[in-house]
Each structure stands twice: as C-alpha cells, then as structure tokens.
Amino acid sequence: MSPRTPVSTYRVQVRHAFDLHSAAELTDYLTDLGVDWIYLSPLLEAEPGSDHGYDVVRHDRVDPARGGDEGLVEAATAAHAAGLGVLVDIVPNHVGVATPKRNPWWWDLLTYGPASRYAEAFDIDWEFGNGKLRIPVLGSADDLARLTVVPGPEGAVGRGDELAYYDNRYPIAPGTADDGADPVTVHSRQHYELVDWRRADFDLNYRRFFAVNTLAAIRVELPAVFDESHAAILDWVRRGLVDGLRIDHPDGLFDPGAYLDRLAAATGGVYVLVEKILEGDEPMPDMWATAGTTGYDALGDFDRVLVDPSGEEPLTALAARLAGGPVDWHELVHTTKRSVADGILHSEVLRLVREGEWETGQDHDRLADAVGELLACFPVYRSYLPFGEEYLDEAADEARRRRPELEPELDAVVRLLKEVGSPISQRFQQTSGMVMAKGVEDNAFYRYPRLTSLTEVGGEPNVFSESVERFHERMAGRQDRWSSAMTTLSTHDTKRGEDVRARIDVLAEVPREWAETLAALEAIAPIGDETFANLLWQATVGAWPIERHRLHAYAEKASREAGVSTTWTDPDEAFERRMHAAVDAVYDDDRVHAIVERVATSLAPAGWSNGLAAKLLQLAAPGVPDVYQGSELWETSLVDPDNRRPVDYADRRELLKQIDAGALPEIDATGAAKLLVVAQALRLRRTRPELFTGYTPLAATGPAADHVVAFDRGGAIAVATRLPVRLAESDWWRDTVLDVGSAPVRDVITGRDFPGGSLRLADLLTQYPVALLVTEGGKP
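Computed from a predicted model, the values in this text were never measured in an experiment.

*Asks:* So what's going on with the overall build of the protein? Which residues, and what values?
*Replies:* A count of helices and strands for the protein gives 26 helices and 25 strands. Since a compact globule built from 780 residues should have a radius of gyration of about 28 Å, the 27 Å found for the protein is in line with a globular shape. With respect to the three principal axes, the spread of C-alpha positions in the protein is 90 × 60 × 55 Å. In the protein, which comprises 780 residues, the share counted as buried stands at 61%. Sequence separation of 24 or more characterises 72% of the internal contacts of the protein that already satisfy a separation of 6 or more. Carbon and sulfur atoms provide 51% of the accessible area of the protein, an area that totals close to 28,300 Å². The distance from the centre of the 79 positive side-chain charges to the centre of the 127 negative ones in the protein is 1 Å.

*Asks:* Before we move on, can you summarise the packing of helix 17 (residues 498-505) against helix 19 (residues 530-543) with the specific residues and values?
*Replies:* The geometry of helix 17 relative to helix 19 is characterised by a closest axis approach of 8 Å and an angle of 110° between their N-to-C directions. Regarding the angle of helix 17 to helix 19, the classification is roughly perpendicular. Considering how the two elements wind past one another, helix 17 and helix 19 form a crossing that is right-handed. Facing helix 17, whose interface residues are Asp499, Val500, Arg503 and Ile504, helix 19 presents Gln538, Val541, Gly542 and Ala543. Looking at the contact of helix 17 with helix 19 residue by residue, the class counts come to 4 nonpolar, 2 polar and 2 charged.

*Asks:* With reference to specific residues and values, describe the nonpolar core.
*Replies:* Among the nonpolar cores identified, the biggest contains 101 residues, and Leu40, Trp236 and Leu772 are the most heavily contacted of them. Take this core: its biggest share by element is 10 residues, from helix 24 (residues 672-687). Formed by 100 residues, the second largest nonpolar core is a distinct cluster that contains Leu315, Leu318, Ala396 and Val500.

*Asks:* How would you summarise helix 22 (residues 590-620) if you had to cite specific residues and measurements?
*Replies:* Taking 1.5 Å per residue, 31 residues should reach 45 Å; helix 22 reaches 43 Å between its end C-alpha atoms and fits that length. Between the side-chain oxygen at the start of helix 22 and the backbone nitrogen of arginine 591 there is a gap of 2.8 Å, and the oxygen is on aspartate 589.

*Asks:* Which residues make up the pattern of salt bridges, and what values go with them?
*Replies:* For the structure shown, the criterion picks out 73 salt bridges. Between aspartate 28 and arginine 653 there is a salt bridge, and its shortest N-O distance comes to 3.0 Å. Taken as a pair, aspartate 28 in helix 1 (residues 20-33) and arginine 653 in helix 23 (residues 649-660) lie far apart in primary sequence, 625 residues in all. Note that arginine 351 is salt-bridged to glutamate 355, the shortest N-O span being 3.6 Å.

*Asks:* Account for the sheet that holds strand 22 (residues 745-747), naming residues and giving values.
*Replies:* Spatially, 6 strands are ordered 17-19-20-25-22-23 in an open sheet, and the strand pairing comes out antiparallel. A single partner strand is all that each edge strand has here, and the edge strands are strand 17 (696-698) and strand 23 (753-754). Relative to strand 20 (residues 717-721), strand 19 (residues 708-712) is paired through 5 bridges, and the arrangement is antiparallel. Bridge pairing in strand 20 places phenylalanine 711 opposite alanine 718.

*Asks:* Residue-level account of unusual backbone geometry, with values.
*Replies:* With an omega of 0°, the peptide bond between tryptophan 544 and proline 545 qualifies as cis. You can see proline 545 is positioned in the loop between helix 19 and helix 20 (548-562). Across the junction of aspartate 640 and proline 641, the peptide omega takes the value 10°, indicating a cis bond. Among the secondary structure elements, proline 641 is positioned in the loop between strand 16 (624-628) and helix 23.

*Asks:* Residue-level account of helix 23, with values.
*Replies:* Compared with the 16 Å implied by 1.5 Å per residue over 12 residues, the 16 Å span of helix 23 between its first and last C-alpha is a close match. Buried within helix 23 are the following residues: Tyr649, Arg652, Leu655, Leu656 and Ile659. End-on view of helix 23: buried residues confined to an arc of 125°, all on one side of the axis. Turned more than 90 degrees away from the buried face of helix 23 sit Ala650 and Lys657, all of them exposed. Contacts from the buried residues of helix 23 go to strand 1 (9-12), helix 1 and helix 24. Measuring from the backbone nitrogen of alanine 650 back to the side-chain oxygen at the start of helix 23 gives 3.2 Å, which picks out aspartate 648 as the cap. Within two residues after helix 23, glycine 662 carries a phi angle of roughly 110°, on the positive side.

*Asks:* Pulling in residues and values, what's your account of the environment of phenylalanine 532?
*Replies:* Relative to the helices and strands, phenylalanine 532 is located in helix 19. For phenylalanine 532, a relative accessible area of 3% gives the class buried. Linking phenylalanine 532 and valine 500, residues 32 residues apart in sequence, is a C-alpha distance of 17 Å. Sequence-distant contacts of phenylalanine 532, defined by excluding residues within four places in its chain, comprise Ala555, Ala558, Ser559, Phe575 and Met579.

*Asks:* Can you lay out the environment of glycine 388 for me, pointing to particular residues and giving the numbers?
*Replies:* In this structure, glycine 388 sits in the loop between helix 12 (364-377) and helix 13 (389-402). Residue classification places glycine 388 among the buried residues on the basis of a relative accessible area of 3%. A C-alpha to C-alpha distance of 8.7 Å links glycine 388 and proline 285, two positions 103 residues apart in sequence.

What counts and what doesn't
- Residues numbered from 1 in each chain as written.
- Predicted model: local features only at pLDDT ≥ 70, side-chain atom pairs only at ≥ 80, totals over all residues.
- Heavy atoms only, no water.
- Helix = DSSP H or I, 4+ residues; strand = E, 2+ residues; numbered from the N terminus.
- Rg over C-alpha atoms; globule rule 2.2 N^0.38 Å.
- Buried < 20%, exposed > 50% of the residue type's maximum accessible area, 1.4 Å probe, protein only.
- Contact = heavy atoms within 4.5 Å.
- Areas by Shrake-Rupley, 256 points an atom, 1.4 Å probe, with all protein chains shown as cover.
- Lys, Arg positive; Asp, Glu negative; His and termini not counted.
- Charge placed at Lys NZ, Arg CZ, Asp CG, Glu CD.
- Axes fitted to C-alpha atoms, helices over the stretch in contact; angles between N-to-C directions.
- Parallel < 35°, antiparallel > 145°, perpendicular 65-115°, else oblique.
- Left-handed = near helix turned anticlockwise from the far one by under 90°.
- Nonpolar A, V, L, I, M, F, W, Y, C, P; charged D, E, K, R; others polar.
- Core = buried A, V, L, I, M, F, W, Y, C linked by side-chain atoms within 4.5 Å.
- Expected span 1.5 Å × (residues − 1).
- Polar contact = N/O pair within 3.5 Å; in protein donor to acceptor, adjacent residues only side chain to side chain.
- Salt bridge = Lys/Arg side-chain N within 4 Å of Asp/Glu carboxyl O.
- Pairing = 2+ DSSP bridges.
- Arc of directions from axis to C-beta.

In short, geometric facts, not functional conclusions.
See below:
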C-alpha cells in the first residue's frame, strides 16, 4: 500500500497557549475550510517557555506544555475522524541545552564526560577541549569567582549537589565535591568548563545549530542515536497517529540521504518533506527518499512573477544613492559570509582544519583562511558528495580568483574535501549551510533593501522579477519532477508575511513615489542609516496598520541582524535611540503618521490584488499547498516571533459562515475576500483532485495580455492579475481575452458561469482580480 499524500496542509504552531487540545478543536474549521491535512509544529518536549519547539530536550514524550501524549491522541483522533491527515515537524539535527537539567542526555554528558552513555550522541572534539566540554556562558573569565555550590534535590552534601552560576545549574560529578573544596576548585574537576561567552566564536568544541550555543547538534547518523531520538516519533507512525513527517534542517545532518533512507525503512515509507533551501535552479538530490521540499523555492516564483521589472532600475538607483554607491549582491554576500566564517562560526572553521590530514609544515592559519574563503564562495547551501561536486569546483575557482596568494592552501583543502566520506569532507558539507544561513538570511538580507519582498528565505534578491514565461517553465518542471512537494507563501521562518510582501511588491510599480516618501520621512524622522531606513519604512507601510510594540521589536531585530549601525553583541545606544524615536514618530508625530497612512492606503488596493493573485497561484499550482496559520485572511506578520502571534479563529469561523451563506465579500481590510479564495480553491482541490494532474500554460491576447498569469491544471484553470497599478493606468483590460477551451465554465470563486471560448478578462475579473474555472457543474 502506497503512503498517503496530502492534497493540501494547514500549519499550526502548537504551544502552551494553543496546545494539541486546541488543535483538536480546530479540526472542524479546517475541514470546512477545505484543508486535507493538519500540519503541526514540533511536539517533543522542548525548553520551558519555548514557543517554537525546535529546542527539544526530551525525545521520549510529547511536551506536556503542548498537551502531552494524550493531547496528540486527541488531536490525531479528531483529525482522522474529520478526514484529515496529520503531518508533524521533527527536529533530528539538534537538541536544546539552555537548561541543562531539562535535557537528560546533556545532563548525563556534563556529569560523566566521555564516559557518559550519551557522549557519542553529541559532536564533541574532546581532545581540543583537553578532555572537557566548553560551555560559553560566563560574562567574563573573572566570573568563575561567582560560582557557588548549591544542594541538589537529594539534599545531602556531595550527593546531587550542583554548581550554580546565577540561575544556571550544572551537575557535579560523583566524588568531586566531597572534600569541601571551593566552587572554583570543584569546577576544575568537572568534565565541562564554563568559559567566557565570547570564546564561542573561536574556541568551542561542540557542533551547534548555526551559531546558537544553546542548541547542541546530535549525531543522528549513529544507529543508536537515531533509534533513541526517534523512538516516540516512530511510535506515533506505527500507532497511526501521524501520517507524515517534515524534517527540519536536513543540511545539518552528516548524511541527509542516508538519514532519509533509514527513516523511510523505519516508517514504512510515509510521506516525508525536507526543509531544504534551494538556490536558483539548483536541483534537489533525486535519490533522496522524500516527496520534496517545504516550498521556499516555489515561494520565490509566486512572488517574483508579480513584480514589475520596470521598477528594477529606479529602485536599484535609489538603493545605491542611499548607500553612497552601488551595492553588488554577490559581493555583499561574499562579505557577510566571510564575516561569519571569521566571526561567529570561526570555531567550525578551525575544527575543519583540525580534521584535515595535512602535509608536514603547512601553516594552519593559512589553511583556516583557505577554508573560510571556500565557505564564503560556496554558491549553494551544501553539497552531498559526489552529488553537487560542481559547486565545490565553482567555489574553488572563485576562491582562487579572489585570493590567488592562497592557491597552494586552497588546492590542499579542495583535495581533501573531494575525498568523499573523509571527516573534513563530511564536516565541510555540514558547515557550508550554516555559513550561508547566517551570512545571507540573517545578515545580507537586512542590508539589501532595494525591494525587501525579494529578501525572503530561499530567494535570490538579485533576481528582481520573473517573466510569465519563466514562471510557467518553473511550474511545469515542478509538475514533472516534484508534484507532491509542498508549496508555501508564509511560514514560521519567513521574514515578512505573504501580504506584507504583496504590498511591498507594489513599490516596483511606483518607484518615484517611494523615493519621494523616503525623502520626506528622512527629513522629519532621520535614523542615521538611510539604507536601513529604507528597509524599516518598507516594513512599516507593508504591515500597516501595525501596533507600536511590534514595529519597535522588528526595528530592533532587523537593525541588529544587519549589523551595520548596531549589533546584538555591541548595541549602539545613540543609533537605537534615533531608530526607536522614528518608530514612535509613526504614532506620535502627525506629519509622519500622515505620510505612512497615505502611502499605505494608496498601496493597499494593489497590494490586496497581489495578495489574492499570489494566493490563488500557490493554491492552484503543482505541489501540495500549505496555508500557514491564520493566513487565510491577510497575513501581515513580520519576522519571528511576530509570525507566531495568536490567531483569532472565532473571527475566521464567522466570516467563513457568512461566505457559505452566499455573501460575496468586498476586497477590504477584513481579508474576507482572501478567505473566499482560499476556501474555494482548497475545497476544489480536495473534492476534485483529478482536475489538478497536469500543467498547461495559457496565454492571453490583447493590449493587457502581460497583466495576466493563467494555467490549466488538467481541468481547473487559474487566472490571476499581475502589475495592477500599470493595468489601471492603461485603462484596464479593454479587449484582452483568454481562451479557456470550448466548454462552458464556472468560476468557483464567484459562482458565475461563462460560455467558454475566448473570455473577455474585463467580464471574467469584474469582482475579483482572480478566477478559478472548471467546466460547468464543477463547483465544490
């Protein structure tokens, strides 16, 4: 029996405030909406207070704060009773260690060191640490004097006592505190060493998730580690509670392909997706046991086909003027990635050098320089050698071009990296994705604001727009090769919600007006960094209306991620005062408020049009469309944690009830028109999947033909408006027509019938900028 594949999914962020019992109560609404599977965020026990669940501390049970094991049974039972499948996000790469005692593996490791039964589970270089695990937690080396010994839960001296550093607690190995030694001496006898947090950049000896010291990587490639870390997950599958799995961060694993093979064998081949970030035309490894990616690659297509290419030149010129000169995306990326390799991830670079078998006399500092350069030049997240060797060659060529004086060291490093399976080769592949993510997504994206809707996870900001022809080519390829992969527009990781991006896209159609807006805002509320101001004001009008505290939080995170005028580790107080004053001016200064309100209001209608267009394209295109929680209405979140805010499901239920009563909503701030599009598209896909089995581009003819994207999925025809501002300026559709075939059709969004043949778009798109057509009688 082949595994069940979802028609669509709906992502729910499960947390204490919305646990699995709440998810169970949501299933009737999801069924009414037309959803096929409920898609749950990580469920295993996580750090206390974790709202995301990616910091797992125990693998043997569902997090009690998220509803516990009984909550999963309730949610799965309710979902299956409603005809919904269940997809669950899992985290095989790392565990949370912020609160050591919460993680039994980590606590045992700290207690017994290399003799711990979990020593092999973690990726630790014991030799480099002189037999100790370095934990970067101290404010300074002098803070060792602040250590104290406190009684553990067993109470007796020497039995379960703990070493305390402020609120942090660490175990004391048996027999190391019985003589009444002072805390510093006790600390020196442990299998761990508490060190200055700044040493994490260059002196760490355990692998992390990216540069997060409190997320320690585990070696899931070892059978025993796989078995213990997946015991509960596999039990969910065997008991029929869970129908599919989403794999977080596969690029961090030692051998993602082997992991997926093992997972497939252990689950009987259930539906599996991987959170794999692809760059441009980079192919997915077709030998992997997966249905495909979680859809960031598709997101870029849906966004860019709605961006006006004529806006590229003026917005690029504006960005250059604000920056004091042209900004080359590839140069910026190299700079930020190299900064990461030399900074917060330099410990990983140095470990790569330690893992290499070098010729006698080779300078390790120069080898580290060469490794850092290769990481900075690597064009994709990672290779899976021998698959992807061409990317290593490309990186080597670029590194030699940039650093010819390092050619001997580069040659030596590349030679070892091509020894498939060698320690340095495998670790380099695990490291390149870290450098890409931290250098690009969490840094360069915040420094390149010519059109910030393009700086999205998995996207290439230097690709300004996508032609309709290119879009069709990409979608046809998706249908041919990855028709069961997920597609998405918003996730817990996107930098801006889909409808924020849809509104920002409009700026490409009005670049002159945007330049004037920035000048006016700069004159009233200067920040002192005009490039960052461009990013901040785009976020403001894109998410407007937005509460003051949310905009303050975004401004702080975005500015520190950019790392130009302020940083996380060394905040510039003067700059941040000006920045927060500018945010306050949005609400307190009538002049600034009026500008923001005017611009946001002028962008809104075209932004709503783009939002409906993007949503229909995603829901109707090849793949398994995911609807992120709450995004069936306008999704105006900014970067996390803003995109994990509570969702008002009572409001959505009521609006859906009104729609089902026959009311066709206006396109307005309520987002009810989007809910209509989402519900009708999802319902059609669920009830008539045979209409979505192919992909044929449809081309309009007439004076406004460039303003429509249309395709036939094998009986269901999607029609979406693009570039609405220019369309309005050119007197709308006029005599533009779209041939939909000879049979009469019905638009399932409005319920209107049409005779077939060449339909006038002026007639078809009178109420909404989108239509979803089926042969008459095909209404869900």
